[in-house]
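What follows is the residue order along each chain.
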Amino acid sequence: MHDYTGIAMTTNDLNERFALAGVLLFEDDGPLVRARVTLPAAEAIIYLQGAHLAHWQPAGFEPVLFLSEKSQFVPGKAIRGGIPICFPWFGPRSDGGPGPSHGFARTQPWELAFAALMPDAREGDRLQMTFVLGPDPVSEGLGFYDFRVAYELLIGRDLTLKLTVANFGDGPLRFEEALHTYFRVGEIHQATITGLANTTYLDKRDNAERKTTPRRPLQLVDWTDCVFPANTAATNLNDVKNGRLIRNEKRNSATTVVWNPWQEGAAALSDLGSDEWHHFLAIETANTGTDAITLAPGQTHTMQARIAVERP
């Protein structure tokens, strides 16, 4: 049995402890609590449920993250868009055990442990926030007892995300993880990805058949669900209609996932508008499948993504 020490803090509690005048404010959004970040270099919104970054917009650019107009902001329901955290498994649970798709982390309340302004004369002020997640009755009911997760966000003109998992148990801890990033694009038919040319992938739309991408920038033409194993490459998303390049660099991530449900798949998702598939492309920083992580007792693992936006 565990003593669940996480404190469910109200909006008032969070503002008394962490608010920063003109920079960081906590507010209620229906039954959920969110943090609103306002900096000269960028603005952002983070929900404490799932430690879910729902909005990030550097100054001078359109929002970088897509958020569905049909997202349901209710307890226990995943938010469609932004950057959901998939942990401790990706997609359906591979060991055949019970549990929701993509794990429990994206629908559980996380605890805010740290928030501070990080002055930087060259890059502009950035806000650092750290959220933590540990065992609770939900995770223990799914067989996860002795883990801890820390999620650090560094928000500014660029965005850095660090997901650290620790094993506090007596035996090995095996898990999958992903930052399921929904990048907003002006039009999916005018968006291309570089960094994945001539690269092996598993086509989940074709029984995970192993295939190779062409020797040119990747452009989606249909429902796409591709897993690139043993892949550590950075990617550049050329959002032609919005006139920008979105760069995603990663560390300690051996899997990249590219996804868009197209018209057919979108029709099956109640929290995605019928035409919204035109306006996002998911490029995910992950460790899944054969790239899953196994930690010995006392070990930690940190996966990092850094996202930057520029004019081409």
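Reference entry: report on the structure contained in this document. (Residues numbered from 1 in each chain as written. Predicted model: local features only at pLDDT ≥ 70, side-chain atom pairs only at ≥ 80, totals over all residues. Heavy atoms only, no water.)

Details of unusual backbone geometry
With the exception of glycine, most residues fall at negative phi, and the peptide bonds are largely trans. The omega torsion of the bond from Phe87 to Pro88 falls at 5°, within 30 degrees of zero and hence cis. Within the chain, Trp262 stands out as a residue other than glycine whose phi angle is a positive 55°. You can see Trp262 is positioned in helix α3 (residues 262–266). (Helix = DSSP H or I, 4+ residues; strand = E, 2+ residues; numbered from the N terminus.)

Topic: the pattern of salt bridges
Applying the stated criterion to the full structure yields twelve salt bridges. One salt bridge connects Asp206 with Lys211, and the closest N-O pair in it is separated by 3.1 Å. Residue Asp206 is classed as partly exposed on the basis of its relative accessible area, which comes to 31%. Take Lys211: its relative accessible area is 26%, and that puts it in the partly exposed class. Where Arg247 meets Glu249, a salt bridge forms, and the shortest distance between an N and an O atom there is 2.8 Å. In this structure Arg247 comes out as partly exposed when scored by relative accessible area, which is 31%. (Salt bridge = Lys/Arg side-chain N within 4 Å of Asp/Glu carboxyl O. Buried < 20%, exposed > 50% of the residue type's maximum accessible area, 1.4 Å probe, protein only.)

Observations concerning the nonpolar core
Counting residues in each nonpolar core, the largest one holds 78 residues, and the members touching the most others are Leu53, Trp56, Trp110, Met129 and Tyr151. Here the element with the most residues in this core is strand β8 (residues 147–155); it accounts for five residues. One finds Cys86, Phe90, Val227 and Ala286 within the second-largest nonpolar core, a separate group that totals six residues. (Core = buried A, V, L, I, M, F, W, Y, C linked by side-chain atoms within 4.5 Å.)

A word on the environment of Val309
Of note, Val309 is situated in strand β22 (residues 300–310). If we ignore the near neighbours within four places in the chain, the residues touching Val309 are Trp56, Pro58, Phe61, Val64, Arg244, Leu245 and Ile246. (Contact = heavy atoms within 4.5 Å.)

Section: the packing of aromatic side chains
Counted according to the given criterion, the structure contains 16 aromatic pairs. Aromatic pair Phe104 and Phe147: ring centres 5.8 Å apart, planes at 45°, arrangement tilted. With Phe104 in the loop between β5 (85–86) and β6 (111–118) and Phe147 in strand β8, this residue pair connects regions lying 43 residues apart in the sequence. Judged by its relative accessible area of 3%, Phe104 is buried. Residue classification places Phe147 among the buried positions, given a relative accessible area of 1%. With a centroid separation of 5.7 Å and an interplanar angle of 40°, the aromatic rings of Trp259 and Phe280 are classed as tilted. Separated by 21 residues along the polypeptide, Trp259 in strand β19 (residues 255–260) and Phe280 in strand β20 (residues 280–287) bring together distant segments of the chain. The buried category is assigned to Trp259, whose relative accessible area is 12%. A connected cluster of aromatic rings, assembled from ring pairs, spans Phe87, Trp89, Phe104, Phe144, Phe147 and Phe175. We note Arg148 situated over the ring of Phe168; from NZ or CZ to the ring centre the distance is 5.1 Å. (Phe/Tyr/Trp six-rings, centres within 6.5 Å; stacked < 30°, edge-to-face > 60°. Lys NZ or Arg CZ within 6 Å of the ring centre and 35° of its normal.)

Quick look at the sheet that holds strand β3 (residues 42–47)
Pairing is antiparallel in the open sheet, where four strands are placed in the order β1-β2-β3-β4. Edge positions in the open sheet fall to β1 (24–29) and β4 (52–58), since each of these has one partner strand only. Across the sheet, the axes of successive neighbouring strands diverge by a mean angle of 15°, strand direction being ignored. When β1 meets strand β2 (residues 32–38), the two strands line up antiparallel, connected through six bridges. In the strand pairing of β2, Glu27 is matched with Arg34. (Pairing = 2+ DSSP bridges. Axes fitted to C-alpha atoms, helices over the stretch in contact; angles between N-to-C directions.)

Here's the deal with the sheet that holds strand β9 (residues 159–167)
Across the sheet, which stays open at both edges, the eight strands sit in the order β6-β7-β8-β9-β22-β18-β17-β13 with antiparallel pairing between neighbours. With partners counted over all chains shown, the strands left at the sheet margins are β6 and β13 (191–194), one partner each. The average angle at which neighbouring strand axes cross in this sheet is 15°, direction not considered.

Observations concerning helix α1 (residues 11–18)
Taken together, the buried positions of α1 are occupied by Thr11, Leu14 and Phe18. The arc that holds the buried residues of α1, viewed along the axis, is 65°, so those residues lie on one side. Exposed side chains of α1 directed beyond 90 degrees from the buried face belong to Asn12, Glu16 and Arg17. Residues of α1 that are buried sit in contact with β1, β2 and β6. (Arc of directions from axis to C-beta.)

Some thoughts on the side chain of Ser68
Position of Ser68 among the secondary structure elements: in the loop between β4 and β5. The class for Ser68 is buried, based on a relative accessible area of 4%. A distance of 3.0 Å separates a polar atom in the side chain of Ser68 from the backbone nitrogen of Lys70. Once you skip the residues sitting within four places of it in the chain, Ser68 turns out to touch Arg80, Asp271, Leu272, Gly273 and Glu276. (Polar contact = N/O pair within 3.5 Å; in protein donor to acceptor, adjacent residues only side chain to side chain.)

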